[in-house]
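# Structural overview
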Amino acid sequence: EAAKGPDFLYALQPCNPSSSAGLISLGCVDFYPKSVSVTWKAGDRTVSGQTWESDKGQPVLYSASSLLKLDNSVWESDTVYTCEVQHSTNKTTKTISKVCTLCPCQFRSCLDVTLKPPRVKEMFIDNRAVLECIITGEDKAVKEAEVTWMLDSVQETDKITQTGPEKADHLFRKSSILTLAVNDWEGGKTVKCSVQQKGGPTITKTLSFGQKGTTTPTVSIQTPSPEDLNGKSEFFLLCLVTGFYPKEIYIMWQVNEGEYEEGITGEPVQTGDKYSVTSLFRVSKVDWDKGTKYNCNARHAYQKGSLSVSPLRLTPLYLFLFKYLYFSLFT
């Protein structure tokens, strides 16, 4: 029968930090003929492991397992371990380090959890603080994960909805959504999302209003000069919102303090450790000349209420008075 090289079945490393000793194991299956040798190396140094071979039955193929035992102090040194398998004229290697990529979930997190701050649009329009806890990972781990919400030290069981799980790229994802009154969020209470994975550790993410490191925005409106408006039937007001962190913000416009309206708002741009964003609002020259009032309102996820500004109108009368005062004082 022709020679067949081994297929690697697994390569596992220790992950349990509470154990006093770790085991690294390598398994390979389906090879022929029977003769195979396994060599372990710690860095460039050869170390001793224990190898078992077995007959798989029909057809006549073989399997082997090799085990290397180390204590935690050696494992924690970040040494790279290599297992070399020599079969006939072929040599195959597996490299293993402290990075725990193949460990059972009870020794590591199989999930990634993100707690997103309130969606500012709902805060602005509906006076609701909607927080989303997103769980991403392997299909089974995501499906079996259980979510608990805490507001300060009290468990929340009402106004919670679930979405998913659904496939996202090569992983799966589901969300748990908690809806609070804006006053509960702005009152400074701490919100916790705890995700318990089956047989594994609990992952907890925390957010609170006004938490350290957040900054609220500065809002200003820029308008064209009267000269720039000559011969135009409409133009844009520019609302500039700067100096805020994190980036969750929402901008709405008002005409004569009426209903909120959306403008044309870009994505927040980061400069250093803060964000800025612009919003445009289309204005009729006729309405502008009538003295219609316009407001740009910006609400940040970590700010009470919204900031509202109106443009400074550069009317002909204003310009005349400005020039008169300027020449009176400085000439």
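Residues numbered from 1 in each chain as written. Predicted model: local features only at pLDDT ≥ 70, side-chain atom pairs only at ≥ 80, totals over all residues. Heavy atoms only, no water.

All right, on to the sheet that holds strand 7 (residues 81-87) then. The 4 strands are arranged 4-3-7-8 in an open sheet whose pairing can be described as antiparallel. In this open sheet, the two edge strands, each paired with only one partner strand, are strand 4 (45-47) and strand 8 (90-96). In this sheet, neighbouring strand axes are inclined to one another by 30 degrees on average, regardless of whether the strands run parallel or antiparallel. Two elements, strand 7 and strand 8, share 7 bridges in a ladder whose sense is antiparallel. Note that in strand 8 the partner of Q86 across the bridge is K91. (Pairing = 2+ DSSP bridges. Helix = DSSP H or I, 4+ residues; strand = E, 2+ residues; numbered from the N terminus. Axes fitted to C-alpha atoms, helices over the stretch in contact; angles between N-to-C directions.)

Further remarks concern the sheet that holds strand 12 (residues 154-156). Here we have 4 strands laid out as an open sheet, ordered 12-11-15-16, and antiparallel in their pairing. On the outer flanks of this sheet lie strand 12 and strand 16 (202-208), each paired with one strand and no other. Ignoring which end each strand starts from, the neighbouring axes of this sheet average 30 degrees apart. Alignment of strand 11 (residues 146-151) against strand 12, held across 3 bridges, turns out to be antiparallel. Counterpart to L151 in the pairing with strand 12 is V154.

Moving on: the confidence of the model for the chain. In low-pLDDT regions, the fine details of the predicted coordinates are not to be read closely. Averaged over every residue, the pLDDT of the chain is 77; the share at 70 or more is 74%. This model gives residues 15-21 a pLDDT under 50, and the stretch forms 12 contacts once residues within four places in sequence are excluded. Below a pLDDT of 50 lies the segment residues 99-103, which in the model reaches 12 contacts outside its immediate sequence neighbourhood of four places, other chains included. (pLDDT = per-residue confidence, 0-100. Contact = heavy atoms within 4.5 Å.)

Attention now moves to the state of the cysteines. This structure, assessed with the given rule, holds 2 disulfides. Linked covalently through their sulfurs, C133 and C193 form a disulfide whose S-S length is 2.0 Å. Taking the sign of the S-S torsion, -85 degrees for the link of C133 and C193, the bridge is left-handed. With C133 in strand 10 (residues 128-137) and C193 in strand 15 (residues 190-196), the pair connects residues that are 60 residues apart, well separated along the chain. By relative accessible area, which is 0% here, C133 ends up buried. Here C193 falls in the buried class, since its relative accessible area comes to 0%. (Disulfide = S-S within 2.5 Å. Buried < 20%, exposed > 50% of the residue type's maximum accessible area, 1.4 Å probe, protein only.)

The next thing to look at is the pattern of salt bridges. All chains considered together, the criterion is met by 9 salt bridges. R128 is the salt-bridge partner of D126, the closest N and O atoms lying 3.4 Å from each other. Judged by its relative accessible area of 34%, R128 is partly exposed. D139 is the partner of K143 in a salt bridge, and the nearest nitrogen-oxygen pair spans 3.5 Å. Taken together, the residues K143 and D139, both in helix 3 (residues 139-144) and 4 residues apart, mark about one turn of the helix. (Salt bridge = Lys/Arg side-chain N within 4 Å of Asp/Glu carboxyl O.)

This part is about a nonpolar patch on the surface. Together, F236, I264 and L280 make up an exposed nonpolar region whose accessible area comes to about 250 Å². Mapping L280 onto the fold places it in strand 23 (residues 274-284). (Patch = residues over 30% accessible without salt bridge, like charges linked within 9 Å, V, L, I, M, F, W, Y side chains within 5 Å. Areas by Shrake-Rupley, 256 points an atom, 1.4 Å probe, with all protein chains shown as cover.)

We now examine the side chain of T179. Considering the arrangement of structural elements, one finds T179 in strand 14 (residues 171-181). Every residue in contact with T179, bar those within four places of it in the chain, is listed here: R128, A129, V130 and K159.

To continue, consider the nonpolar core. By size, the foremost hydrophobic cluster in this structure holds 30 residues, and its most contacted members are L111, L131, W149, W185, V191 and V195. Considering each element in turn, this core owes the most residues, 4 residues, to strand 10. Inspection of this core shows a minimum of three residues originating in each of domain 2 (111-208) and domain 3 (218-313). Counting residues in each nonpolar core, the second largest holds 19 residues, with V219, I221, L229 and V283 among its members. (Core = buried A, V, L, I, M, F, W, Y, C linked by side-chain atoms within 4.5 Å. Domains from an automatic or database assignment.)

Right, let's get into the pairing of strand 9 (residues 111-116). Of the two faces of strand 9, the one lined by L111, V113 and L115 is fully buried and the one lined by D112, T114 and K116 carries no buried residue. Pairing analysis gives 6 bridges linking strand 9 to strand 10, with the strands arranged antiparallel. Bridge assignment links K116 to a residue of strand 10, and that residue is E132.

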